[in-house]
Amino acid sequence: MDTLPYTWTHCHTHGQTLLYTWTHCQTHGCTAIHMDTLRNTWTHCHTHGHTKIISHYFGGIQLNLYRKKKISFLRKNMYDLCNSFFIHHYLFIQAAGQIYSFLMKLRTPEGAFKMHDGGEVDNQVRIVLSYCAASVARLTNIITPALFDGTPEWIVMCQSYEGGFGGCPGMEAHGGYSFCGLAALILLEHAKLCNIQALQRWTVNKQMSYEGGFQGRSNKLVDGCYSFWQGGAFPLIHMVLAMELDKALSAERWMFNQEALQEYILICCQAPDGGLLDKPGKSRDFYHTCYCLSGLSVAQHFAGGKIGGTFVVGHQKNLLKPIHPVFNIGVDASVHATLYFSALPVPGTS
Ligand SMILES: [Zn+2]
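Here is what the cut-offs are and how they apply
Residues numbered from 1 in each chain as written. Predicted model: local features only at pLDDT ≥ 70, side-chain atom pairs only at ≥ 80, totals over all residues. Heavy atoms only, no water. Helix = DSSP H or I, 4+ residues; strand = E, 2+ residues; numbered from the N terminus. Buried < 20%, exposed > 50% of the residue type's maximum accessible area, 1.4 Å probe, protein only. Contact = heavy atoms within 4.5 Å. Areas by Shrake-Rupley, 256 points an atom, 1.4 Å probe, with all protein chains shown as cover. Donors = N, O, S within 2.8 Å, 3.2 Å for Na, K, Ca; no water. Tetrahedral: all angles 85-135°; square planar, octahedral: opposite > 155°, others 65-115°. Salt bridge = Lys/Arg side-chain N within 4 Å of Asp/Glu carboxyl O. pLDDT = per-residue confidence, 0-100. Pairing = 2+ DSSP bridges. Expected span 1.5 Å × (residues − 1). Core = buried A, V, L, I, M, F, W, Y, C linked by side-chain atoms within 4.5 Å. Axes fitted to C-alpha atoms, helices over the stretch in contact; angles between N-to-C directions. Parallel < 35°, antiparallel > 145°, perpendicular 65-115°, else oblique. Left-handed = near helix turned anticlockwise from the far one by under 90°. Nonpolar A, V, L, I, M, F, W, Y, C, P; charged D, E, K, R; others polar.

### Overview of the overall build of the protein
Next, step 1: Within the protein, the secondary structure is distributed over eleven helices and five strands.
Next, step 2: Counting all 350 residues of the protein, 53% fall into the buried class.
Next, step 3: Across the protein, the fraction of contacts at a sequence separation of at least 24, relative to all contacts at a separation of at least 6, is 65%.
Next, step 4: About 16600 Å² of surface is accessible on the protein, with carbon and sulfur atoms providing 57% of the total.

### Points about the coordination of the zinc ion
Next, step 1: Every protein donor of the zinc ion is accounted for by D223 (OD), D223 (OD), C225 (SG) and H288 (NE2), and the metal-donor separations fall at 2.1 to 2.5 Å.
Next, step 2: Geometry at the zinc ion is irregular, judged from its four donor atoms and the angles of 57 to 126 degrees they form at the metal.
Next, step 3: Each donor residue of the zinc ion lies on the same chain, and together they follow the pattern D-x1-C-x62-H.
Next, step 4: Exposure remark for C225: the relative accessible area of 2% places this residue in the buried category.

### So, the pattern of salt bridges
Next, step 1: Under the counting rule described, the total for this entry stands at five salt bridges.
Next, step 2: For R126, the salt bridge goes to E110, with nearest N and O atoms at 2.0 Å. Taken together, the positions of R126 in helix 3 (residues 126–139) and E110 in the loop between helix 2 (96–106) and helix 3 put the pair 16 residues apart, joining distant regions of the chain.
Next, step 3: R126 sits in the buried class, given a relative accessible area of 8%.

### Digging into the confidence of the model for the protein
Next, step 1: Averaged over every residue, the pLDDT of the protein is 79; the share at 70 or more is 74%.
Next, step 2: With pLDDT under 50 throughout, residues 1–61 is counted as low confidence; its partners more than four residues away or in other chains account for 154 contacts.

### Structural notes on the pairing of strand 5 (residues 309–312)
Next, step 1: In strand 5, alternate side chains face the same way, and those of G309 and F311 on one face and T310 and V312 on the other are all buried.
Next, step 2: As paired elements, strand 4 (residues 301–302) and strand 5 share two bridges and run antiparallel to each other. The residue bridging F302 from the neighbouring strand is G309, located in strand 5.

### Let's talk about helix 5 (residues 175–187)
Next, step 1: Over its 13 residues, helix 5 extends 18 Å from the first C-alpha to the last, a length consistent with the 18 Å expected when each residue adds 1.5 Å.
Next, step 2: The element helix 5 is extensively covered by neighbouring structure, given that 13 of its 13 residues are classed as buried.
Next, step 3: Residue E189 follows helix 5 closely and has a positive phi angle near 60 degrees.

### Some remarks on the nonpolar core
Next, step 1: One finds L103, F165 and L182 to be the most contacted residues of the largest nonpolar core, which totals 79 residues.
Next, step 2: A total of nine residues in this core trace back to one element, the largest contributor, which is helix 5.
Next, step 3: Apart from the residues lying within four places of it in its own chain, the contact partners of L103 are F113, A133, A137, I142 and L147.

### Focus on the packing of helix 9 (residues 258–268) against helix 10 (residues 286–300)
Next, step 1: Helix 10 packs onto helix 9 with a crossing angle of 150 degrees between their chain directions and a minimal axis gap of 9 Å. Here helix 10 runs roughly antiparallel to helix 9, going by the angle between their axes. In this structure, helix 9 meets helix 10 at a crossing whose hand is left-handed. Seen from helix 9, the contacting residues are Q258, L261, Q262, I265 and L266; seen from helix 10, they are C292, G295, L296, V298, A299 and Q300.
Next, step 2: In terms of residue class, the contact of helix 9 with helix 10 is built from seven nonpolar, four polar and no charged.

### Quick word on the packing of helix 6 (residues 196–204) against helix 8 (residues 233–243)
Next, step 1: Close contact between helix 6 and helix 8 brings their axes to 11 Å; oriented N to C, the two are set at 150 degrees. As judged from the angle between their axes, helix 6 and helix 8 are roughly antiparallel. Our pair here, helix 6 against helix 8, has a crossing hand that is left-handed. Between helix 6 and helix 8, the residues in contact are I196, Q197, L199, Q200, T203 and V204 and A233, F234, I237, V240 and L241, respectively.

### Focus: unusual backbone geometry
Next, step 1: Not every positive phi belongs to a glycine, and N141 is a case in point at roughly 60 degrees.
Next, step 2: Here N141 shows up in the loop between helix 3 and helix 4 (151–156).
Next, step 3: Residue N141 is classed as partly exposed on the basis of its relative accessible area, which comes to 22%.
Next, step 4: The phi dihedral of E189 falls on the positive side, at around 60 degrees, and the residue is not glycine.
Next, step 5: Relative to the helices and strands, E189 is located in the loop between helix 5 and helix 6.
Next, step 6: Exposure remark for E189: the relative accessible area of 37% places this residue in the partly exposed category.

Below is the structure:
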């Protein structure tokens, strides 16, 4: 038995729910998550005083995340990037309208997006650009019908015969594109356009039974970064099925082997000197460090039923903070951004 991580003890009692946030309430100090499927929300919690959840312990096996080394690796490499990001962030706060104008320039007639103004249309990542546009627009509260006219319909054309999404219509199904496609549809409130059963079937079959990690495409090798791109799709699929009132949906676990994924990340993807990697024999890098950790967090935290749950393989110190399932940023950060920008007028409506 353990208490819920504080970022999961969310509920707001203001009569207004926020989009795609783990809503929170700390009124009574200790709360239980109560999963109601509300319009456009993930969770809504009540403060009934139930404070305990059941933690899963993994047979006494100690698999340690070399946390200090991972964090120092990230800190060292992220420092300049973060500085740059936060400087831009505050400029964005003052210029949400300019972001809107910028995104409008990147729109293609069909509703997809280009990489930059005047740039070529990169077919290989077009669905990623639609997700980036939807994610930024949702966080900064600048979504309008004009900005995303035709975008959901274009995105769903990228869903292939396999069930996953390609980078553009006709391309091979791919884990990164599938996450971006479904997340963008959710952000734009058009998840119903997706063939969710086909996507679910394709995604569950991407977890490899021997390694425990995910492959990105059919007949490819397992790769640590897909711990998030494929693993991170499960909370989204779970939410869509919950909104369809799927009675077969588990109230206790995501629909993949959460322990096996954690074992792959902890045993196979850690570089001894810090950082994480694709697979043994590969070099550590910034990208795989980020997405292995994000995937590890998804595998450790469940929040799709009436109560949340944590499943920590190895030492309890391995436990990471939960990430926001749609934005892949800290839950606190997404809540703060949503609260801030939701108080500002949507461009063109005032
Ligand atoms: Zn990779």
